[in-house]
Each structure stands twice: as structure tokens, then as C-alpha cells.
Amino acid sequence: MGQGLTVVVLAAGEGKRFRSALPKPLHPLAGRPLLWHVLAAAAPLKADRTVVVVGNAADQVTAAVEGFDLGPVRFAVQSAQRGTGDALAAALPLLDAAGDVLVLSGDTPLVSPALLEGLLDRHRSARAAATLLTCVLDDPDGYGRVLRDGAGAVTGVVEQRDATPAQRAIGEVNAGMYVFRRAVLDRLAELRPDNDQGECYLPDLVPLVLTGGGGVATHPGPEEEVRGVNDRVELAEAGAVLRLRLLERLMLAGVTVVDPASTYVDADVEVGQDTVLAPLTFLEAGTRVGSRCRLGPNVRLVGCTVGDDATVAQSVALQSTIGPRAVVGPFASLRPGSELGEASKVGTFVEVKQSTIGPGSKVPHLSYVGDADIGARVNVGAGTVFVNYDGVDKHRTSVGDGAFIGSDTMLVAPVTIGDGAQTAAGSTITKNVPPDALAIERSDQRTIEGWAARRRRKRETRE
Ligand code: UD1
Ligand code: CA
């Protein structure tokens, strides 16, 4: 494909029904903006040119689209939102003089590349001047209805608010996705705002194409792909459809999803074969998970990389790396910049931030590891705190390979613990500890013989 094709996405509308300060095209679905999904569906068509029509919150929408990873996009500005026909007219100066123009709405994120290819194929094989994507819905409420003559040929589209009761009974709707021969778009200038909303409607081009002698074809699409997102109820419904689709793709690629209804993955997530996702697993923002991992229940990974054979349970990790065979949780919190080496362990009630934990090292319980560089095969005892903040500045702590940090050690940064060194339980370490040394910092224990027994007797005589 590709020869002589331009894609135009209409995204200038106000999205009133969203009642939101965030522009509608930027509302996320499976971690990506609505508009991203539309452009992603069109990307495999390899159009010569892609144009997005912006208007409402144009700067914000333009900036967001420029950050997408989907190839070059040009922008046309519709200065006032005078309807979908007017929006497409705003893109005309950016179009070639010939070829086909695929027009999409910024609010139909469920459409697939295959359906768009089918629409284009239909348009080309029918040698049509215009081809509409249509769908027969049980509940066509809110959509424009497709009008046909006695012979079944399309004659136009009527919006619900302009429709007669008889027209409202029609189940076949306009999906708001079209292919036009470039030449017929010159007639956009003839559209008139003679409808309930006082807007220039793009579907009104159909009768103009017909009077000009052009053929109008239709291509049917499945309801699951044509549904528009006009409010947040439809946003949630589209999210559910998309999520299941993403999970099915993972399952068919060899990932076990124990309960798809309670598992949430973003559009850009990768998971390796034979990994098991237990219920309430959330994989977000480009998280990549290796093979044979066990994630969940109750795990949220945001922008993380997880190596093969790792285990994460009941934990949250942000922008972190979890090495192969590492074990995380239950109840661990990995904040940004946590790098866990191969076969390392971050256990129960442990928080890690901006730290490296070397291969085979273990922080099994109740610790805070902040701004630390921990070598290999280190054991960090329960209750250890890497005291990284002096109230003004943050400092780093370094722990050498094979070191043993006794339980309840306070490591007051900046401080360095040498390879193979140990700290005694309950010590507050403020000075560097050389390799293989023991650092002990606590007062000597006083033991008073018989003290407890005497106290007990005193209580008993009083009673
Ligand atoms: C539109 C169709 C309707 C179809 C439905 C399918 C028209 C008049 N109606 O209705 O037949 O059944 O889609 O989902 O086309 N936009 C602009 N500028 C504007 C107005 C809209 O760029 O001035 C953009 C919007 O941002 C949106 C798209 O066009 O992405 C569709 O607009 P919307 O208001 O959602 O149209 P619908 O009422 O859903
Ligand atoms: Ca819409």
C-alpha cells in the first residue's frame, strides 16, 4: 500500500462531554493517549503523509503528538470548531493534489490496522470516490445513521439530532472513518451548516459526491472497533476492550494470565514466555518482563525491566530494574533508580531508592536502602537504615562485596563499608569500615542478677 495515501486525523473538537481540563485526545487508554491509538492503527498503512487537525488546546495536543513514537506528523489548525467537514477542510493545504485520503477521528481508539486496510482495499476495488466505514449496532444511539435508497445504495448520513423517528430506527451507523479520493475534497467548500448544531458536517459530502457522479461505497466493521469515545463512560468501556485485547495477545504468545478481568497491562508492555501474571498485576509505561517470571498478586510495575525467572509479589516498583532470578516482596517498594542484581532479594517491608543491590545480595526485611551502592553477596540485616539525608543534602553509602550488615544498623552517609566487613547489630556507623573489619558501636550491656525476680516478689507481697 502506501502509494498516494494521506492519513488525516480530526482532533480539534472540544470534547465537551468529557468535562475535563485535559484535552480529550490526550486522555489515556492503556497508558497511551486516545489519539496515539488512532495514529498507531494507521501507522502500518505507511501513508505518504499523516496530518493531525488540531484546534482546541492545539499547543498541548501538538506537543503530545510530537512526542509519539509513530513517525512524522504534520499539523493543520482549525481555528474555530465549526464541524468535522470544516476540520478536514483545514487540512487541505497540506494534501497532495491526487491520491486517496483516509480520514479518521481522534476518538475511535479501538480501530485495528487490519480494518483500516480493509476499508482502503474496499475503496480501491470499488473505484469509489468516497468509502464509509459502517457498522450495524444494536444500540445506535448518538451515531450518524447511514441512509440508503430502495436499491440499497448509500444516499447520505443523518446525525441523530437531525434524524426523523424513522431514521433513528436505522441500525447502520457511520463510524466516522472514511476514504476519499483527493479530488472530491474540493467540494468541502460547498458544505453548509444547515443542521441542528449549525456545523459543517463531513458526512454531508456524500450527497455532493453522488451529484458529482462519484461512487460511494461502504465497508462494514465490527462494533468492537468502531465505537467512539465521547465521554468517560465510553472511555472505561473502550479501556476494557483494549485491555482484554492486549492480554489475549500476551496469552497467545505464551504468558499465563490467571485472571484477565483483574490484570492491567499498558499498550507498550512486553512479557516473556511462561511468565505467570497473578490477579491484580499492573504493568505500566513500557515495562518489560522476561520469561518464566512470577508476578503478583497485587504488583504494580511502572517503567521497569524485569529479568528472566524473577519473582515479584505484593509490591510496587517505579523505573527500576529487577535482575534475573531476583525475588521482590511481599510488600516491597522500589522507587526510581533501584537496580537489583541477579538472584538478589528485596524482601518484606523494604524500601529502595536510587540504589544498586549487587548479585546475590539480600535485604530480606524491614529496611530502607536509599542512595546506596551495595556489592555482591551482601547481607543486610533486618531494620537497617541507610541514613542518606542530613536534613540539607543527600549522601551515598557504599557497601563492599561480601559485607555483612548486622540487624538495626544505621549507616550514616557518606560512609563506606569495605569488602567482607561486618557491622554489629544495633550500631550507628558514621566512620568508614575497612575491608574484613568488624565495626561495633553501642554501649556495653549491664546485667543485674536477680533484679526481675525481686521486682516480681515486691508486686506479689502488695497484692
Ligand atoms: C461523528 C459523525 C457521526 C458518526 C460519529 C462516529 C459528524 C458530523 N458526525 O459524530 O456521523 O456516527 O462521528 O464516531 O461527523 N472534530 C474536529 N473539529 C470540529 C468537530 C469535530 O476536529 O469542529 C473532531 C473531533 O475532535 C473528533 C471528531 O472530529 O475527533 C468527531 O467529532 P465528534 O464531535 O466526536 O463527532 P460525533 O458527534 O461523535
Ligand atoms: Ca465522536
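What you see is a predicted model; the values in this text were computed from it and never measured.

Q: Go over the site of ligand 1 with me, naming the residues and quoting the values.
A: Near ligand 1 there are 23 residues, and of these Gln78, Gly83, Thr84, Glu159 and Asn174 occur at the shortest range. One of the backbone nitrogen or oxygen atoms of leucine 10 is found 2.8 Å away from an oxygen atom of ligand 1. For ligand 1, whose accessible area on its own is 750 Å², the fraction buried by protein is 89%. Comparing atom positions with the cavity grids shows ligand 1 to sit within the largest pocket. Elements with a contribution of two residues or more to the shell around ligand 1: helix 3 (84-91) and strand 10 (172-181).

Q: Kindly report on the sheet that holds strand 33 (residues 397-399), identifying the contributing residues and their values.
A: Sheet architecture is open: nine strands sit in the order 14-17-20-23-26-28-30-33-36, paired in parallel fashion. The sheet is open, and its two borders are formed by strand 14 (270-271) and strand 36 (415-417), each paired with just one other strand.

Q: Mind laying out the packing of aromatic side chains, listing which residues take part and the relevant values?
A: Per the counting criterion, the structure on display carries three aromatic pairs. With 4.9 Å between their ring centres and 5° between their planes, tyrosine 264 and phenylalanine 282 make a pair best called stacked. With tyrosine 264 in strand 13 (residues 264-265) and phenylalanine 282 in strand 16 (residues 281-284), this residue pair connects regions lying 18 residues apart in the sequence. Residue tyrosine 264 is classed as partly exposed on the basis of its relative accessible area, which comes to 29%. For phenylalanine 282, a relative accessible area of 25% gives the class partly exposed. Taken together, a centroid distance of 5.4 Å and an interplanar angle of 10° make the contact between phenylalanine 331 and phenylalanine 349 stacked.

Q: Lay out the coordination of the calcium ion (ligand 2) with the relevant residues and their values.
A: On the protein side, the calcium ion (ligand 2) has Asp107 (OD) and Asn230 (OD1) as donor atoms, found 2.3 to 2.4 Å from it. Placement of the pair is aspartate 107 in the loop between strand 6 (100-105) and helix 4 (113-125) and asparagine 230 in the loop between helix 7 (223-226) and helix 8 (232-252), with a sequence separation of 123 residues.

Q: Before we move on, could you go through a positive patch on the surface and cite the residues and values that matter?
A: A grouping of Arg454, Arg455, Arg456, Arg457, Lys458, Arg459 and Arg462 is seen on the molecular surface, where their side chains present a positively charged patch. Relative accessible area serves as the criterion here: at 43%, arginine 459 is assigned to the partly exposed category.

Q: For the layout of surface pockets, give the residues involved together with the corresponding values.
A: If you add up the space inside the largest pocket, you get close to 1400 Å³. Lining the largest pocket are 41 residues, with Arg17, Lys24, Thr84, Asp107 and Asn230 positioned closest to its centre. Looking at the lining of the largest pocket, the elements that each hand over two or more residues are helix 3, strand 6 and strand 10. A total of four residues in the lining of the largest pocket trace back to one element, the largest contributor, which is strand 10. For the lining of the largest pocket, the per-class residue count stands at 12 nonpolar, 17 polar and 12 charged.

Q: Explain empty space enclosed by the protein residue by residue, including any values.
A: For the structure shown, the criterion picks out one cavity of 30 Å³ or more. In this model, the largest cavity occupies a volume close to 30 Å³. If you trace the largest cavity, you find it lined by Leu39, Val65, Phe68, Leu70, Gly71 and Val73.

Q: Break down helix 3 for me, with residues and values.
A: Buried within helix 3 we find Gly85, Asp86, Ala87, Leu88 and Ala91. Summarising the contacts, the buried residues of helix 3 are in contact with strand 1 (5-10), strand 4 (49-54), strand 5 (74-77), strand 6 and strand 10.

Q: I'd like a rundown of the environment of valine 53, residues and numbers included.
A: By the secondary structure assignment, valine 53 is in strand 4. On a C-alpha basis, the gap between valine 53 and glycine 13 in space is 9.3 Å, while along the polypeptide they are 40 residues apart.

Q: Explain the pairing of strand 27 (residues 345-353) to me, and be specific about the residues and the numbers.
A: Summarising the sheet, strand 24 (residues 327-328) and strand 27 pair through two bridges and their orientation is parallel. Bridging from a neighbouring strand, valine 327 pairs with lysine 345 of strand 27. In the sheet, strand 25 (residues 332-334) pairs with strand 27 via three bridges, with the strands oriented parallel. Note on strand 27: the bridge partner recorded for alanine 332 is valine 350. Sheet topology note: the strand 27/strand 29 (residues 362-370) ladder contains seven bridges and is parallel. When the bridges of strand 29 are listed, lysine 353 appears paired with glycine 370.

Q: Provide a residue-level description of the environment of arginine 292, including the pertinent values.
A: Locating arginine 292 in the fold gives a position in the loop between strand 17 (288-289) and strand 18 (294-295). Classification of arginine 292 by relative accessible area gives partly exposed; the value is 43%. C-alpha of arginine 292 to C-alpha of glycine 307: the two residues are 15 residues apart in sequence and 9.2 Å apart in space. The contacts of arginine 292, once residues within four sequence positions are left out, are Gln273, Asp274, Thr275, Asp308, Asp309 and Ala310.

Q: I'd love a proper account of the pattern of salt bridges, names of residues and values included.
A: Throughout the structure, instances matching the rule amount to 20 salt bridges. The salt bridge involving arginine 82 is made with aspartate 86; its shortest N-O contact spans 3.3 Å. On the basis of relative accessibility, which here comes to 41%, the residue arginine 82 falls in the partly exposed class. On the basis of relative accessible area, aspartate 86 is assigned to the buried category, the value being 16%.

Q: Please provide a residue-by-residue account of the state of the cysteines, values included.
A: All chains considered together, the criterion is met by zero disulfides. For cysteine 304, which is in no disulfide, the shortest distance to another cysteine sulfur is to cysteine 293 and amounts to 12 Å.

Q: Can you tell me about the pairing of strand 6, naming the residues and giving the values?
A: Burial within strand 6 is extensive, with six of its six residues counted as buried. By the alternation rule, side chains of strand 6 split into Asp100, Leu102 and Leu104 and Val101, Val103 and Ser105, which are all buried. By the bridge criterion, six bridges tie strand 1 to strand 6 in an arrangement that is parallel. When the sheet's bridge partners are listed, valine 7 is paired in strand 6 with leucine 102. Of the strand pairs in this sheet, strand 6 and strand 10 are connected by four bridges, and their pairing is antiparallel. Each residue of the ladder has a partner; that of aspartate 100, found in strand 10, is arginine 181.

Calculation criteria
Residues numbered from 1 in each chain as written. Chains lettered and ligands numbered in written order. Predicted model: local features only at pLDDT ≥ 70, side-chain atom pairs only at ≥ 80, totals over all residues. Heavy atoms only, no water. Near = heavy atom within 4 Å. Polar contact = N/O pair within 3.5 Å; in protein donor to acceptor, adjacent residues only side chain to side chain. Areas by Shrake-Rupley, 256 points an atom, 1.4 Å probe, with all protein chains shown as cover. 1 Å grid on protein atoms, 1.4 Å probe; cavity = no way out; pocket = protein on both sides within 12 Å on 5 of 7 lines; lining within 4 Å. Sits in = over half its atoms within 2 Å of the grid points. Helix = DSSP H or I, 4+ residues; strand = E, 2+ residues; numbered from the N terminus. Pairing = 2+ DSSP bridges. Phe/Tyr/Trp six-rings, centres within 6.5 Å; stacked < 30°, edge-to-face > 60°. Buried < 20%, exposed > 50% of the residue type's maximum accessible area, 1.4 Å probe, protein only. Donors = N, O, S within 2.8 Å, 3.2 Å for Na, K, Ca; no water. Patch = residues over 30% accessible without salt bridge, like charges linked within 9 Å, V, L, I, M, F, W, Y side chains within 5 Å. Salt bridge = Lys/Arg side-chain N within 4 Å of Asp/Glu carboxyl O. Lys, Arg positive; Asp, Glu negative; His and termini not counted. Charge placed at Lys NZ, Arg CZ, Asp CG, Glu CD. Points joined across faces, edges and corners; volume = space filled by probe spheres on them. Nonpolar A, V, L, I, M, F, W, Y, C, P; charged D, E, K, R; others polar. Contact = heavy atoms within 4.5 Å. Disulfide = S-S within 2.5 Å.

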